[in-house]
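Structure assessment
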Amino acid sequence: RKEVEQDPGPFNVPEGATVAFNCTYSNSASQSFFWYRQDCRKEPKLLMSVYSSGNEDGRFTAQLNRASQYISLLIRDSKLSDSATYLCVVRMDSSYKLIFGSGTRLLVRP
Amino acid sequence: DGGITQSPKYLFRKEGQNVTLSCEQNLNHDAMYWYRQDPGQGLRLIYYSQIVNDFQKGDIAEGYSVSREKKESFPLTVTSAQKNPTAFYLCASNGGLMETEAFFGQGTRLTVV
């Protein structure tokens, strides 16, 4: 079983739609969680960290469910510029090791 | 400007040759990482280093080697033992366990012919 799993998609949605991605992790000792965005043929960039209480940044909301070992990313009012691959990242606080999921591809159409 | 630099951006090598990818950062970060990404795939960890003169194998270390003689530098050598070396290689750095963001270089596309 992979340490971090994501639905590869693609999620094809119209502009203005709300879309949600989930990511599951296998190690219950995982403590730090992040969402990164990667554009085609570019390096990943941090979108947002995921806190235990959940957190919001504009149109983006991230949530953590420790009991079920998953994190989620909700994007409201999708824009064309949101089209990218979204990578889930997990780290145990005792380690510097960052584990990436395979990514979920989002396509926002006009 | 502070950042992380990978070079070269594109690299072509003949099969059987070793090749070294450069990664330099001036962010004063302790931790550095090497990932490999294949088309349509996520990032797989090759090696990571938490401190100078120390490094750990990731999930796909076979056929690769690294060194960390200086805090700023973490070069990756792709050896002839790596069966499928053609890929996109990404280097990253992170300030420490309390730092949330890992910064990436722009990557090196290695093609072995």
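Nothing here was measured: the structure is a model prediction, and the numbers come from that model.

We now examine the layout of surface pockets. Counted as a void, the largest pocket has a volume near 660 Å³. Considering the residues around the largest pocket, the lining is formed by 27 residues, among which Arg41(A), Gln37(B), Pro39(B), Gly40(B) and Gln41(B) are closest to the centre. Going through the elements one at a time, β9 (84-91) and β11 (104-109) of chain A together with β9 (87-94) and β11 (108-112) of chain B are the ones with two or more residues in the lining of the largest pocket. Looking at the lining of the largest pocket, its residues break down into 10 nonpolar, 11 polar and 6 charged. For the second largest pocket, the calculated volume is near 270 Å³. Around the second largest pocket, the lining comprises 15 residues; the ones closest to its centre are Lys2(A), Phe100(A), Ser102(A), Leu43(B) and Arg44(B). Contributing elements (two or more residues each) for the lining of the second largest pocket: β10 (99-100) of chain A together with β5 (43-51) of chain B. Of all the elements, β5(B) adds the most residues to the lining of the second largest pocket, at 3 residues. Looking at side-chain class alone, the lining of the second largest pocket contains 7 nonpolar, 4 polar and 4 charged residues.

Residue and element names in this part refer to chain B. Of the two faces of strand β3 (residues 19-25), the one lined by Val19, Leu21, Cys23 and Gln25 is fully buried and the one lined by Thr20, Ser22 and Glu24 carries no buried residue. In this sheet, β3 lies alongside strand β1 (residues 4-7) in antiparallel orientation, the contact comprising 4 bridges. Bridge pairing in β3 places Gln6 opposite Cys23. Direction of pairing for β3 relative to strand β8 (residues 76-78): antiparallel, over a ladder of 3 bridges. Note on β8: the bridge partner recorded for Leu21 is Leu76.

Let us now look at the interface of chain B and chain A. The partner chain A presents 21 residues to the 24 residues of chain B that form the contact. Taken together, both faces of the contact between chain B and chain A bury some 2000 Å²; the carbon and sulfur share is 54%. Where chain B meets chain A, there are 1 salt bridge. Residues Asp59(B) and Lys97(A) are paired through a salt bridge, measuring 3.6 Å at the closest nitrogen-oxygen approach. Along the contact surface separating chain B from chain A lie 4 residue pairs in polar contact (both at pLDDT 80 or more). In terms of residue class, the side of chain B that touches chain A is built from 11 nonpolar, 9 polar and 4 charged.

The rules behind each value
Residues numbered from 1 in each chain as written. Chains lettered and ligands numbered in written order. Predicted model: local features only at pLDDT ≥ 70, side-chain atom pairs only at ≥ 80, totals over all residues. Heavy atoms only, no water. 1 Å grid on protein atoms, 1.4 Å probe; cavity = no way out; pocket = protein on both sides within 12 Å on 5 of 7 lines; lining within 4 Å. Points joined across faces, edges and corners; volume = space filled by probe spheres on them. Helix = DSSP H or I, 4+ residues; strand = E, 2+ residues; numbered from the N terminus. Nonpolar A, V, L, I, M, F, W, Y, C, P; charged D, E, K, R; others polar. Buried < 20%, exposed > 50% of the residue type's maximum accessible area, 1.4 Å probe, protein only. Pairing = 2+ DSSP bridges. Contact = heavy atoms within 4.5 Å. Buried area = accessible area lost by both parts, 1.4 Å probe. Salt bridge = Lys/Arg side-chain N within 4 Å of Asp/Glu carboxyl O. Polar contact = N/O pair within 3.5 Å; in protein donor to acceptor, adjacent residues only side chain to side chain.

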